[in-house]
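# Survey of secondary and tertiary structure
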Amino acid sequence: MSLVTTTEMFKKAYDGGYAVGAFNVNNMEIVQGITEAAGELNSPVILQVSKGARAYANHTYLVKLVEAAVEENPQIPIALHLDHGDTFELCKSCIDGGFTSVMIDASSKSFEENIELTKQVVEYAHANGVVVEAELGTLAGIEDEVVVEAGHEAYTRPEEVEEFVDRTGCDSLAIAIGTSHGAYKFTAAQCTILVPPPLRFDVLEEVTKRLPGFPIVLHGSSSVPQEFVKMVNQYGGNMPDAVGIPEEQLRQAAKLAVCKINIDSDIRLAMTGNIRKYFAEHPDHFDPRQYLKPARQAVKDMVAHKIVNVLGSDGKA
Ligand code: G3H
Ligand code: 13P
Ligand code: ZN
């Protein structure tokens, strides 16, 4: 199978009451960890690349790594997606350069400006067989250079979604219902003993009522597993108060209209915890193949866990 768009994946996910995982990729070990897990579990998967990932690893290297993963896992559908595109030019460059899906994130602009830019990207993408994710509402946290402080996020306004989707022609919509980017999703004041405020399922339900059958996306959906936070802290790191979204709430969202769940921070934590542990236990080692091997395995195990216990996408390829 060659790279696919998310159209078919989302239709099956919507009807089947599960979600497809969208995992951020920045290097070979991450691509391998994710796709080995998805391949073995027969799960569809979305590999997503941010502007920062392109700046770090280079567009061509990332596309070729993803193409290698497609060749190694011909039994599963894999989509290559631009995460948080912020300009028409960036989206165009990814559309021209082999991506099958792009996100135009104009959610920090006014409603009218968001519509105008999203529509421009949709016209170019659709003319080239590529699908578009757009966003309404603002998540707290950090996305590339945009920092939204906790307390300044804005939930999606359900009364805006029909007009937005009608006028832009976007293929999926990211909404803000209380998820947040990064490993520090909530302030201590927002959490009661590591329990963050619940997601706004009422907003999701209202959006779904207004857009029946339309695929919804959740960003900022890492759970920040405490086993990795503890590992980081035990082996020389310092990540106090790192807290994520409880997995049961994401499982619940996946059963509803949410068809794509974005996970990046959990990958970073799995790798960092394991690399720190490896160095602490083997202070004389210096071969990257040695210390990246357990890190890659940890990414694979974590993604397998998400596919089976959170997304419910195993066996759905
Ligand atoms: O939402 C943002 C993703 O986690 C990508 O992060 O811009 O640091 O690559 P990045
Ligand atoms: P996390 O920081 O929760 O992993 O979110 C990732 C994301 O939304 C990428 O777009
Ligand atoms: Zn995001």
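Computed from a predicted structure; not experimentally measured. (Residues numbered from 1 in each chain as written. Chains lettered and ligands numbered in written order. Predicted model: local features only at pLDDT ≥ 70, side-chain atom pairs only at ≥ 80, totals over all residues. Heavy atoms only, no water.)

### What about the environment of Ala257?
- With respect to the element layout, Ala257 can be found in the loop between helix 10 (247–255) and strand 10 (258–263).
- Take Ala257: its relative accessible area is 2%, and that puts it in the buried class.
- For the pair Ala257 and Lys92, spaced 165 residues apart in sequence, the C-alpha to C-alpha distance is 28 Å.
- Sequence-distant contacts of Ala257, defined by excluding residues within four places in its chain, comprise Tyr14, Thr208, Phe214, Pro215 and Ile216. (Helix = DSSP H or I, 4+ residues; strand = E, 2+ residues; numbered from the N terminus. Buried < 20%, exposed > 50% of the residue type's maximum accessible area, 1.4 Å probe, protein only. Contact = heavy atoms within 4.5 Å.)

### Quick notes on the coordination of the zinc ion (ligand 3)
- Ligation of the zinc ion (ligand 3) by protein atoms is provided by His84 (NE2), His181 (NE2) and His219 (ND1), these donors lying 2.0 to 2.1 Å from the ion.
- Read in sequence order, the donor residues for the zinc ion (ligand 3) give the motif H-x96-H-x37-H. Residue His84 is found in strand 3 (residues 78–85), and its partner His181 is found in the loop between strand 8 (172–175) and helix 8 (201–210); the two are separated by 97 residues along the sequence.
- Here His181 falls in the buried class, since its relative accessible area comes to 12%. (Donors = N, O, S within 2.8 Å, 3.2 Å for Na, K, Ca; no water.)

### Quick notes on helix 5 (residues 88–96)
- Taken as a whole, helix 5 has its buried residues at Phe88, Leu90, Cys91, Cys94 and Ile95. Down the axis of helix 5, the buried set is contained in an arc of 165°. They therefore lie on one face.
- The inward-facing, buried residues of helix 5 contact helix 3 (51–57), helix 4 (59–72), strand 3, strand 4 (101–104) and helix 6 (111–127).
- Where helix 5 terminates, the next one or two residues include Gly98, which has phi positive at roughly 105°. (Arc of directions from axis to C-beta.)

### A closer look at the site of ligand 2
- Inspection of the region around ligand 2 gives 16 residues, with Asp83, Lys185, Ser222, Asp264 and Ser265 positioned closest.
- A distance of 3.1 Å separates an oxygen atom of ligand 2 from a polar side-chain atom of Asn262.
- Within the complex, the protein chains bury 96% of what would otherwise be the 300 Å² of accessible surface of ligand 2.
- Broken down by class, the residue content of the shell around ligand 2 amounts to one nonpolar, twelve polar and three charged. (Near = heavy atom within 4 Å. Polar contact = N/O pair within 3.5 Å; in protein donor to acceptor, adjacent residues only side chain to side chain. Areas by Shrake-Rupley, 256 points an atom, 1.4 Å probe, with all protein chains shown as cover. Nonpolar A, V, L, I, M, F, W, Y, C, P; charged D, E, K, R; others polar.)

### Looking at the confidence of the model for the protein chain
- Summarising the model, the protein chain shows a mean pLDDT of 95, and 95% of its residues fall at 70 or more.
- Mean pLDDT per element in the protein chain: strand 6 (residues 141–143) is the minimum at 56, and strand 1 (residues 20–24) is the maximum at 99. (pLDDT = per-residue confidence, 0-100.)

### Quick notes on the packing of helix 5 against helix 6
- Between helix 5 and helix 6, the shortest axis-to-axis distance is 10 Å and the interhelical angle comes to 15°. One element, helix 5, and the other, helix 6, form an angle in the roughly parallel class. As for the relative orientation of helix 5 and helix 6, their crossing is right-handed in sense. Within the contact between the two elements, helix 5 uses Phe88, Cys91, Lys92, Ile95 and Asp96 and helix 6 uses Leu117, Gln120, Val121, Tyr124 and Ala125. (Axes fitted to C-alpha atoms, helices over the stretch in contact; angles between N-to-C directions. Parallel < 35°, antiparallel > 145°, perpendicular 65-115°, else oblique. Left-handed = near helix turned anticlockwise from the far one by under 90°.)

### Quick word on unusual backbone geometry
- One non-glycine residue, Asn58, adopts positive backbone phi at about 85°.
- Along the chain, Asn58 falls in the loop between helix 3 and helix 4.
- Assessed through its relative accessible area of 35%, Asn58 is described here as partly exposed.
- Despite not being glycine, His84 shows a phi value in the positive range, around 55°.

### Some remarks on the pattern of salt bridges
- According to the stated counting rule, one finds 21 salt bridges in the structure shown.
- Close ionic contact of Glu159 with Arg157 constitutes a salt bridge, the shortest N to O distance being 3.5 Å.
- Relative accessible area serves as the criterion here: at 45%, Arg157 is assigned to the partly exposed category.
- One salt bridge in this structure joins Asp264 and Arg268, with 2.8 Å as the shortest N-O distance. (Salt bridge = Lys/Arg side-chain N within 4 Å of Asp/Glu carboxyl O.)

### Quick notes on the side chain of Lys185
- Considering the arrangement of structural elements, one finds Lys185 in the loop between strand 8 and helix 8.
- A polar contact of 3.5 Å, which involves the side chain of Lys185, links it to the backbone oxygen of Gly220.
- Sequence-distant contacts of Lys185, that is, excluding residues within four places in its chain, are made with Ser180, Gln190, Gly220, Ser221, Ser222, Val224, Val243, Gly244 and Ile245.

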